[in-house]
Amino acid sequence: MMHTAACIFDLDGVIVDTARYHFLAWKRLTDMIGIHFTEEDNERLKGVSRMASLEIILEIGGRKIEESQKHEYAELKNKWYVDYISKMTPDEILPGCLEFIKELKGANVRVAIGSASKNTPLILERVGILELFDAIADGNNVKKAKPDPEVFIKAAEMVGIEPGRCTVFEDAVAGIQAALNAGMLCVGVGSPVILKKAHFVIRGLDDMSLSKLIEIEKGIRI
Ligand code: BG6
Ligand code: MG
């Protein structure tokens with residue numbers, strides 16, 4: 001018997017690999033304003049909101065600037081990012097994602113998105129899976145950033161399932177913490193070294209199935 005009644009998926013890094021596009025857009029901005037920004041620095045931005053990402057970048061560059069200038073930079077970065085994601089196609093959905101979601105739906109498990117990104121609807125539409133989800137909690141209908149649990153609690157409310165019967169799939173440390181704060185079962189997607197706080201870690205959704213989720217549930221005895 002399955003305990004999970006809803007699965008909540010982070011978007012960037014779990015369903016699609018948009019970290020690359022975020023990096024390219026931030027890189028264009030940092031080149032323009034003369035801040036040295038590397039792919040390693042980009043790791044710190046995973047799961048972090050747009051403005052908080054900019055704050056981290058300014059801190060790396062040792063810059064202090066006016067609020068109005070911050071908004072101008074964030075808008076510029078987003079314009080370049082939107083140029084990239086507007087060209088996304090369905091073949092950019094990460095391996096195993098569609099198969100697993102179809103399996104969940106077949107078992108009457110609700111599926112939702114829990115993402116910090118304000119570009120969530122555009123990305124889902126571009127890769128052709130906007131209609132697949134029962135609910136979308138994202139940067140447009142949530143105020144507090146991960147590790148605050150708000151985005152996952154909101155997704156649970158939208159699908160009408162109590163948090164204790166939700167499982168979250170996350171690739172960011174802040175997202176794992178948000179899922180734990182929400183009282184949900186949390187499956188990390190990525191490196192077990194980085195995501196050590198998750199209840200269980202998989203390398204990608206191609207490493208996941210309904211039967212494996214049931215095994216994970218048994219392992220942590222919920
Ligand atoms: C998260 C990404 O999903 O969304 C972050 O991991 C990003 O890197 C954040 O900054 C906000 O995205 P957006 O599209 O609203 O700028
Ligand atoms: Mg992510």
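Residues numbered from 1 in each chain as written. Chains lettered and ligands numbered in written order. Predicted model: local features only at pLDDT ≥ 70, side-chain atom pairs only at ≥ 80, totals over all residues. Heavy atoms only, no water.

## Here's the deal with the site of ligand 1
1) Next: Within the structure, ligand 1 sits among 15 residues, and D12, V48, S117, K118 and N119 are positioned closest to it.
2) Next: G47 places a polar main-chain atom, nitrogen or oxygen, 2.8 Å from an oxygen atom of ligand 1.
3) Next: At 3.5 Å from an oxygen atom of ligand 1 is found a side-chain nitrogen or oxygen belonging to S53.
4) Next: The fraction of the free accessible surface of ligand 1 (390 Å²) that becomes covered by protein chains is 95%.
5) Next: Of the domains in this structure, domain 1 (6-17 + 94-220) and domain 2 (19-85) are the two that each give at least three residues to the shell around ligand 1. (Near = heavy atom within 4 Å. Polar contact = N/O pair within 3.5 Å; in protein donor to acceptor, adjacent residues only side chain to side chain. Areas by Shrake-Rupley, 256 points an atom, 1.4 Å probe, with all protein chains shown as cover. Domains from an automatic or database assignment.)

## Quick notes on the pattern of salt bridges
It is possible for side chains of opposite charge to pair when their charged atoms get near one another.
1) Next: Under the definition given, this model contains 11 salt bridges.
2) Next: Between E59 and R44 there is a salt bridge, with the nearest N and O atoms lying 3.5 Å from each other. Here the residue E59 occupies a position in helix α3 (residues 50-60), and R44 occupies one in the loop between α2 (39-43) and α3, the gap between them amounting to 15 residues.
3) Next: E59 sits in the exposed class, given a relative accessible area of 54%.
4) Next: On the accessibility criterion, R44 (41% relative accessible area) is partly exposed.
5) Next: Measuring nitrogen to oxygen at the nearest pair gives 3.0 Å for the salt bridge that ties K212 to D207. (Salt bridge = Lys/Arg side-chain N within 4 Å of Asp/Glu carboxyl O. Helix = DSSP H or I, 4+ residues; strand = E, 2+ residues; numbered from the N terminus. Buried < 20%, exposed > 50% of the residue type's maximum accessible area, 1.4 Å probe, protein only.)

## Describing unusual backbone geometry
1) Next: Looking along the chain, the bond that leaves K146 and enters P147 is cis, with omega of 15°.
2) Next: Assignment of secondary structure puts P147 in the loop between β3 (135-137) and α7 (150-159).

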